[in-house]
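Chains, contacts and geometry: an overview
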Amino acid sequence: MAATLIDGKALAAKLKQNVRESAEALPRKPGLAVILVGDDPASRVYVTSKRKDCEECGFYSEEYALPAETTQKQLLDLVNELNGREDIDGILVQLPLPKGLDEREVLLAINPAKDVDCFHPYNVGQLTIGTPVFQPCTPGGVMEMLREYGIDPAGKRCVVLGRSNIVGKPMALLLLHAHGTVVLCHSKTPDLKELAASADILVSAVGKTGLVTAGMVKEGSVVIDVAMNRNEAGKLCGDVCFEEAAAKASYITPVPGGVGPMTRAMLMKNTLTAAKLHQGVE
Ligand code: NAP
């Protein structure tokens, strides 16, 4: 069977268009502040793309590029200043932070109502009990894809590979809230291959090129590849051996052009949600 390709790029463009239309109807433009500490080239690319997304959605955006020597206090002072700004609805601190800075303390300092990444324990708690204000961007993007393609996790066996706080764990929660039967796997899972091969919906978020082979894909299943790895040739790729998996799956996401663009679009959606919240608009 040749799988249907889940086109994250097209869906993200549609989502951003909808966000733009809703933003235009607000009394004030949504505002996003992005803080980058240090000069990690990958982080710089992400920050630049966030600025472009803000432009596309008609948002106001500010970028703070701080030197790697920035102290914890300086960073916290900036977060606190942005917490108090009425024109800023969302605050995003680009991770990872350089060594010596306490990531946890910084994320805790962000006003939960401006935590558009959905990393603050308050928002993680809301997500856990099923009443999220914001959707965690990457797993939220995956759920949008499933919805768009008419894939309902209810009653399905959903296997998630990877248990990080930003992808695997919230992914498992969202699938659970959508009434999937969820198995969350990690590096200590002994029977990973068998579990993956039993999945109706398989989500891989590990970061290991070639991890998911055809033998781990159930005939007719949905395969979502979250990973963004570089192969030996330096080309962007996922965890899934795409061609062989696509021959068995019913739906599959490509890398690039799958989950990545959806993550970016969900950040815009969350910033819109925050702006509505702050402006008292339903
Ligand atoms: P991470 O924090 O490194 O977590 C990786 C997870 O994979 C961990 O839970 C780890 O288990 C598990 N793992 C490692 N080796 C394994 C193995 N052989 N079998 C099963 N599980 C294994 O990574 P992350 O931040 O979640 O990111 C995962 C991937 O998604 C990366 O490629 C990243 O670039 C990508 N990503 C993409 C987007 C997007 O927008 N598309 C967004 C975020 C991340 P332990 O917990 O036991 O160590």
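Structure first, text after, so check above.
Predicted, not measured: the structure shown is a model, and the values here were computed from it.

Regarding the pattern of salt bridges
Within the structure shown, the criterion is met by 14 salt bridges. When salt bridges that share partners are traced, they join Lys16, Asp53, Glu56 and Arg264 into one network.

Notes on the packing of aromatic side chains
Applying the stated rule across the entire model yields 1 aromatic pair. Their ring planes at 70° and their centres at 6.1 Å tell us that tyrosine 149 and tyrosine 251 sit as a pair that is edge-to-face. Residue tyrosine 149 is found in the loop between α6 (137-148) and β5 (157-161), and its partner tyrosine 251 is found in strand β11 (residues 251-252); the two are separated by 102 residues along the sequence. Using a relative accessible area of 23% as the deciding quantity, one classes tyrosine 251 as partly exposed.

With respect to the site of the ligand
Around the ligand there are 20 residues in total, and Arg163, Ser164, Ser187, Val226 and Thr263 lie nearest to it. Measuring from an oxygen atom of the ligand, one finds a side-chain N or O atom of serine 164 at 2.5 Å. With 3 residues, helix α10 (residues 259-278) is the single largest residue contributor to the shell around the ligand. Here the shell around the ligand is built from residues that sort into 9 nonpolar, 9 polar and 2 charged.

Brief notes about the environment of aspartate 39
Mapped onto the elements of the fold, aspartate 39 is located in the loop between β2 (31-37) and α2 (41-57). Assessed through its relative accessible area of 69%, aspartate 39 is described here as exposed. C-alpha of aspartate 39 to C-alpha of proline 67: the two residues are 28 residues apart in sequence and 7.4 Å apart in space.

Reading the values: the criteria
- Residues numbered from 1 in each chain as written.
- Predicted model: local features only at pLDDT ≥ 70, side-chain atom pairs only at ≥ 80, totals over all residues.
- Heavy atoms only, no water.
- Salt bridge = Lys/Arg side-chain N within 4 Å of Asp/Glu carboxyl O.
- Phe/Tyr/Trp six-rings, centres within 6.5 Å; stacked < 30°, edge-to-face > 60°.
- Helix = DSSP H or I, 4+ residues; strand = E, 2+ residues; numbered from the N terminus.
- Buried < 20%, exposed > 50% of the residue type's maximum accessible area, 1.4 Å probe, protein only.
- Near = heavy atom within 4 Å.
- Polar contact = N/O pair within 3.5 Å; in protein donor to acceptor, adjacent residues only side chain to side chain.
- Nonpolar A, V, L, I, M, F, W, Y, C, P; charged D, E, K, R; others polar.

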